[in-house]
Amino acid sequence: MYIPNAFKIEDPDLIREIARANAFATMIATIEGEPFATHLPFLLGEENGQDILYGHVAKANPHARHLETKTLVIFAGPHGYVSPSWYETRPNVPTWNYVSVHAYGTPQIIEDQTAGGDHLREMVQKFDPNLNETHPEATSEETVQRLLPGVIVFRMPVDRWEAKAKLNQNRKEEDRQAVIARYERSDLPDEKQMAILMRQRQR
């Protein structure tokens, strides 16, 4: 990913925070010479000081047969258009503000069925923590065991992270404040989040 120094995120805790907050990611590998993408949620953990991504794909997905290859996982954060009409200074052109985190590594298939079942339950606990109480049949051992044969569970040790927050850091202060004010008045959740991030990055 192209990252000018002004937009680079180097704080590992912030990188992990962004990945966890935007857990539905895009996993990209090269299959038979062509880029291939799968969209799926990830859990982020840690083992012996190394970040590990955990996920699963349908066994029918072609990606499942090519998991153990160099892989890029993209976590797309909030984003928003910026009109040149918002700036205080002139002249300017349209642009787009955004946050993105890239993780690089080689997935490893988890063969152990117990660990696979634990992974599926952890996914449910993360994204639907009350499901076990409201719909216990959806998380029962019988249901998990019925699902496992149709999926491939994997872990991906993260060899390196790349992270970018393009938040008008290269603009004059009055222009940044004008964009923040515009985002704060927006009805779009992403743009409201951009305003929060832009104020945080000023500190």
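This text follows the structure it describes.
Reading the values: rules and limits
Residues numbered from 1 in each chain as written. Predicted model: local features only at pLDDT ≥ 70, side-chain atom pairs only at ≥ 80, totals over all residues. Heavy atoms only, no water. 1 Å grid on protein atoms, 1.4 Å probe; cavity = no way out; pocket = protein on both sides within 12 Å on 5 of 7 lines; lining within 4 Å. Points joined across faces, edges and corners; volume = space filled by probe spheres on them. Helix = DSSP H or I, 4+ residues; strand = E, 2+ residues; numbered from the N terminus. Nonpolar A, V, L, I, M, F, W, Y, C, P; charged D, E, K, R; others polar. Phe/Tyr/Trp six-rings, centres within 6.5 Å; stacked < 30°, edge-to-face > 60°. Buried < 20%, exposed > 50% of the residue type's maximum accessible area, 1.4 Å probe, protein only. Polar contact = N/O pair within 3.5 Å; in protein donor to acceptor, adjacent residues only side chain to side chain. Contact = heavy atoms within 4.5 Å. Core = buried A, V, L, I, M, F, W, Y, C linked by side-chain atoms within 4.5 Å. Expected span 1.5 Å × (residues − 1). Pairing = 2+ DSSP bridges. Salt bridge = Lys/Arg side-chain N within 4 Å of Asp/Glu carboxyl O.

Undergrad: I'm lost on the layout of surface pockets in this one. Help?
TA: Over the atoms, a rolled probe matching the size of one water molecule traces out where space is still vacant. Empty space within the largest pocket amounts to approximately 290 Å³. Counting residues per element, the ones that place at least two in the lining of the largest pocket are α1 (12-21) and α6 (189-200). Its residues assigned to classes, the lining of the largest pocket comprises 10 nonpolar, 3 polar and 3 charged.

Undergrad: Whenever I open this one, the packing of aromatic side chains confuses me. Can you help?
TA: The geometry of an aromatic ring pair comes down to the distance between the two centres and the angle between the two planes. Summed over all chains, the structure comprises 6 aromatic pairs. Seen in terms of ring centroids, phenylalanine 75 and tryptophan 161 are 6.4 Å apart; in terms of plane orientation they differ by 45 degrees. Their pairing is tilted. Of this pair, phenylalanine 75 sits in strand β5 (residues 71-82) while tryptophan 161 is found in strand β8 (residues 151-166), placing the two residues 86 residues apart along the sequence. The exposure class assigned to phenylalanine 75 is buried, which follows from its relative accessible area of 1%.

Undergrad: Teacher, can you tell me more about the side chain of asparagine 22 here?
TA: Note on placement: asparagine 22 falls in the loop between α1 and β1 (24-31). Of the polar contacts made by the side chain of asparagine 22, one reaches the backbone oxygen of isoleucine 18; its length is 2.8 Å. Once residues within four sequence positions are removed from consideration, asparagine 22 is found in contact with Phe75, Ala76, Gly77 and Pro78.

Undergrad: Explanation requested: the nonpolar core in the structure shown.
TA: Nonpolar side chains in soluble globular proteins generally cluster together in the buried interior. Judged by nonpolar contacts, the single largest core of 35 residues is most densely connected at Met27, Phe42, Leu53, Val57, Val73, Phe75 and Tyr183. Listed by contribution, the elements that provide at least two residues to this core are α1, β1, β4 (50-58), β5, β6 (95-105), β8, α5 (173-184) and α6. Looking at which element gives the most residues to this core, the answer is β8, with 6 residues. When neighbours within four sequence positions are excluded, leucine 53 is seen to be in contact with Phe42, Leu43, Leu44, Val73, Phe75, Ala103, Phe154, Arg155, Met156, Val158 and Trp161. One finds Leu120, Val144, Val151 and Val153 within the second-largest nonpolar core, a separate group that totals 5 residues.

Undergrad: I would appreciate a short explanation of α5 in the present structure.
TA: For α5, spanning 12 residues, the distance from its first C-alpha to its last is 16 Å, which sits close to the expected 16 Å at 1.5 Å a residue. By the burial criterion, the buried members of α5 are Asp175, Arg176, Ala178, Val179, Ile180 and Tyr183. Along its buried surface, α5 packs onto β5, β6 and α6.

Undergrad: I tried to follow the pairing of β1 on my own but got confused; where do I start?
TA: Side-chain positions along a regular strand alternate between the two faces of the sheet. Two elements, β1 and strand β2 (residues 34-41), share 8 bridges in a ladder whose sense is antiparallel. Looking at the pairing, isoleucine 31 lines up with glutamate 34 of β2. Here β1 hands over to β2 after 2 residues, with glutamate 32 in that stretch at a positive phi of 50 degrees. In this sheet, β5 lies alongside β1 in antiparallel orientation, the contact comprising 3 bridges. Along β5, the bridge assignment pairs methionine 27 with valine 73.

Undergrad: What exactly am I supposed to notice about the pattern of salt bridges here?
TA: Considering all chains together, one arrives at 9 salt bridges under this definition. Linking glutamate 47 and arginine 155 is a salt bridge whose minimum nitrogen-to-oxygen distance equals 2.5 Å. Of the two residues, glutamate 47 is situated in strand β3 (residues 43-47) and arginine 155 in strand β8; the sequence distance between them amounts to 108 residues. Classification of arginine 155 by relative accessible area gives buried; the value is 18%. Put simply, arginine 121 and glutamate 141 hold a salt bridge, and the shortest N to O gap is 2.9 Å. Note that arginine 121 is positioned in helix α2 (residues 113-127) and glutamate 141 in helix α4 (residues 141-147), a separation of 20 residues in sequence. Judged by relative accessible area, arginine 121 falls into the partly exposed class, the value being 30%. Take glutamate 141: its relative accessible area is 45%, and that puts it in the partly exposed class.

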